[in-house]
Protein chains: 2
Amino acid sequence: MSKTKIRNMEEFSAICGISRPTLSKFFNDPTSVRRSTRAKIEAALEKYDYRPNIYAMNQNRTKTRTIGILVPYLADPFFSEIGRAVELACIEAGYSPLLLSSHGSRQQEVDNLDLLRGLKPAGVLLAPLGRDSDAEVIRRFGRDVPLVLFDANIEDAGEAFVGSDNFQSIDLMVDYLCRSGQPPCLFEMKSPVNPNANKRRAAYLDSMARHGQTAHVFQADGTGWDFEEIGLNAGGRMLADGAFPTDTILCSNDRLAIGMLSAAFGLGIRVGHREGAALRVAGHDDHPFARYTAPPLTTIAQDYSAIAARAASTLFALLDGGDHTPSREETLFDGRLVMRDSA
Amino acid sequence: MSKTKIRNMEEFSAICGISRPTLSKFFNDPTSVRRSTRAKIEAALEKYDYRPNIYAMNQNRTKTRTIGILVPYLADPFFSEIGRAVELACIEAGYSPLLLSSHGSRQQEVDNLDLLRGLKPAGVLLAPLGRDSDAEVIRRFGRDVPLVLFDANIEDAGEAFVGSDNFQSIDLMVDYLCRSGQPPCLFEMKSPVNPNANKRRAAYLDSMARHGQTAHVFQADGTGWDFEEIGLNAGGRMLADGAFPTDTILCSNDRLAIGMLSAAFGLGIRVGHREGAALRVAGHDDHPFARYTAPPLTTIAQDYSAIAARAASTLFALLDGGDHTPSREETLFDGRLVMRDSA
DNA sequence: AGTTAAAATTAACGCGCGTAAAATTTTAAT
DNA sequence: ATTAAAATTTTACGCGCGTTAATTTTAACT
């Protein structure tokens, strides 16, 4: 590696004997130049390590190679996992992913969208906050920038939505729970931030009716993203009060279930699907920690990588196709029942 | 909001009646212009919503307002929490944070450093991978860019290091465990990725000697970042084999402890500090989920926000001071004992 | 060999803004 | 009212690269 510092593409052009416009082509797509010149450039690159100025590159270009990825709350392992999967998909496709978190805040989500607009990304993959989102802002954003939503849907926002089929997954879980013991009560938040919660409640009511069972919905007070805390406190109170008419609780998501398990343990209530257990608890999402709870949590596995891959590939198709597809397509993946010991 | 789209600062200058250089000053520091002109500009901004082009702004500027934040593994809630704290500190100080994850990969860490170099950030806050890091690359990076390390130290890399005092915290935990029951065995990974693990082992040996106790170190095979899995498998085998000579296990970090608790539950071993329990398990870090394990995990709380705030303020001081401080300072925060039910 | 299409070169302009220097205006202080 | 300091305007250049059009070279054919 030679010590001479190269300041710009002009100098690099002089050194490696290739004209600047050709170099410009090369850096935007190495395969767009003849094999022999590509080899020359790459050889020179080895010796002198020059990299074009990112800011100057993107200044004039209308379409950047950046893909914005915005999730509602990165401290939630669900989103850090799916965010990571999406990042990798973008890298593989030759784009530069930029992962942002809204930290559960509506204002932060708007700010991040604003930032992204300034970054002129090729496209954006967005998992919206949900109820707290400014739907109109997101719809407007989708008119300016190729946008694919995942995890949580917002009507008519973006070009497509990729998520999981809550009706299928909840029905699957209800079916299993009814077959293997008492029918489940539903435990959820009164004001859920995530719109999937509403779908899951509807799915639960629907499924219970079809199973000829009486539905029981219990709602926890509390707002924000500290789901475990809410599950622990509200769930603990309900357990202590004997509020649940059956011995089986289906929690709207795993993080609530983790709190509920913690509450049950604190009250000395034995949880599990085996003889001698007093309570069954099931969750939804297959949270990364669900297999390490005590007892390990029976839950529905969302296909993280499939959702991530589909969201990414849908966006890439959009970018390549150029034309905006007339119909907004919604793709839902089936959940998979994961039977562990808690139910 | 008027509909006329403003393309550049020139047009905006014409519309609001302020010269372009003054506008340029304003956007780089609103307080640097006279109060009356600032009011005029902000009024026009309300009406026409113009934002300067990010790329053009940063192209010529030597010092960007971007602060790079690089953590080893964002899917680990410890790092997503501390990353978030650092992000907020940067925003408050008027910088634009950019949070990146190395996903546990050495190559990704190098790539991210490369990316950051191209972004010409004002400074970088780095929590290195640790053993897997390319120390020489990081040291070189620190010579080009103002760099502060946190969580894991690398000798002579960057201008400062902020972390927690493992000798203090482990001694505190050992002391508590010895006072309240049998002396602890140490459970750790044989090839820990994080250098804190080595410090903790040394601290454990040291502390046990000072307490006049025999040290017992148990090392789990397995590599990578799936600590819970490793704790569950290796810990479970050791428990089943009756490998531990005392009834108290100090895990090198909470994620191993979570795996160990899961293993103990699976084996029907009752964990806790109360009468009737067969095993005590303690961790280190106060992982966000540590309070929801069964039983809740006794651990050492690292002061996340203090470490984040200090790392950030150290970097800001560096940026303002201009001169590189001659001495590389290392700041260590004390850990706090969190007594829950597991030990 | 000649023909042609593909690729590279040359030359030149523009992007949107940072920034510097000099001239001018405004503000604050005497 | 006088003066000095501070803020703004004018003018003008440059950053590093994208991009285009016209020209020349190269490679792949008949």
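Everything below is about the structure printed above this text.
From a predicted model like this one, the values you see are computed outputs, not experimental measurements. (Residues numbered from 1 in each chain as written. Chains lettered and ligands numbered in written order. Predicted model: local features only at pLDDT ≥ 70, side-chain atom pairs only at ≥ 80, totals over all residues. Heavy atoms only, no water.)

Caption draft 1: How the structure looks around the environment of I258(B). For I258(B), the location among the structural elements is in helix α11 (residues 254-266). For the pair formed by I258(B) and H284(B), sequence separation is 26 residues and the distance between their alpha carbons is 11 Å. Here I258(B) is in contact with Y292(A), E228(B), H287(B) and T293(B), once residues within four sequence places are set aside. (Helix = DSSP H or I, 4+ residues; strand = E, 2+ residues; numbered from the N terminus. Contact = heavy atoms within 4.5 Å.)

Caption draft 2: Focus on the nonpolar core. Of all hydrophobic cores here, the largest spans 122 residues; its most connected members are L125(A), F187(A), L125(B) and F187(B). In this structure, L100(A), L116(A), L119(A) and L147(A) belong to the second largest nonpolar core, which totals 38 residues. (Core = buried A, V, L, I, M, F, W, Y, C linked by side-chain atoms within 4.5 Å. Buried < 20%, exposed > 50% of the residue type's maximum accessible area, 1.4 Å probe, protein only.)

Caption draft 3: Representation of the protein's contact with DNA strand D within the structure. Within the structure, DNA strand D sits among 24 residues, and M9(A), S24(A), Y50(A), T37(B) and N60(B) are positioned closest to it. Counting only atoms of DNA strand D within 4 Å of the protein, the sugar-phosphate share comes to 61%. Separating a base nitrogen of DNA strand D from a side-chain N or O atom of Q59(B) is a distance of 2.9 Å. Of all the secondary-structure elements, those providing two or more residues to the surface near DNA strand D are α2 (20-28) and α4 (54-60) of chain A together with α2 (20-28) and α4 (54-60) of chain B. For the surface near DNA strand D, the element with the most residues is α4(A), which contributes four residues. (Near = heavy atom within 4 Å. Polar contact = N/O pair within 3.5 Å; in protein donor to acceptor, adjacent residues only side chain to side chain.)

Caption draft 4: Inspection of the packing of helix α1 (residues 9-16) of chain A against helix α3 (residues 35-48) of chain A at higher detail. All names here are of chain A. For the pair α1 and α3, the least separation of the axes is 10 Å and the interaxial angle reads 110°. Here α1 is positioned roughly perpendicular relative to α3, judged by the angle of their axes. The two elements α1 and α3 cross, and the hand of that crossing is right-handed. Contact residues: α1 offers F12, I15 and C16, while α3 offers I41, A44, L45 and Y48. Here the residues of the contact of α1 with α3 sort into seven nonpolar, no polar and no charged. (Axes fitted to C-alpha atoms, helices over the stretch in contact; angles between N-to-C directions. Parallel < 35°, antiparallel > 145°, perpendicular 65-115°, else oblique. Left-handed = near helix turned anticlockwise from the far one by under 90°. Nonpolar A, V, L, I, M, F, W, Y, C, P; charged D, E, K, R; others polar.)

Caption draft 5: Summary view of unusual backbone geometry. Residue and element names in this part refer to chain A. Here the amide bond leading from A294 into P295 is cis, since omega sits at -5°, within 30 degrees of zero. Phi at K120 is positive, roughly 45°, even though this residue is not glycine. Among the structural elements, K120 can be located in the loop between α6 (106-119) and β3 (123-126). In this structure, D286 is a non-glycine residue whose phi angle is positive, near 50°. Mapping D286 onto the fold places it in the loop between β9 (280-282) and β10 (299-301).

Caption draft 6: Region of the structure containing the pattern of salt bridges. All names here are of chain B. On inspection of all chains with the given rule, the structure shows 40 salt bridges over all chains. R38 is the salt-bridge partner of E42, the closest N and O atoms lying 3.2 Å from each other. Of this pair, E42 and R38 both sit in helix α3 (residues 35-48), four residues apart, roughly one helical turn. Among the salt bridges present, the one from R210 reaches D171, with a minimum N-O distance of 3.3 Å. With a gap of 39 residues between them, R210 in helix α9 (residues 195-210) and D171 in helix α8 (residues 166-180) connect regions that are remote in the sequence. (Salt bridge = Lys/Arg side-chain N within 4 Å of Asp/Glu carboxyl O.)

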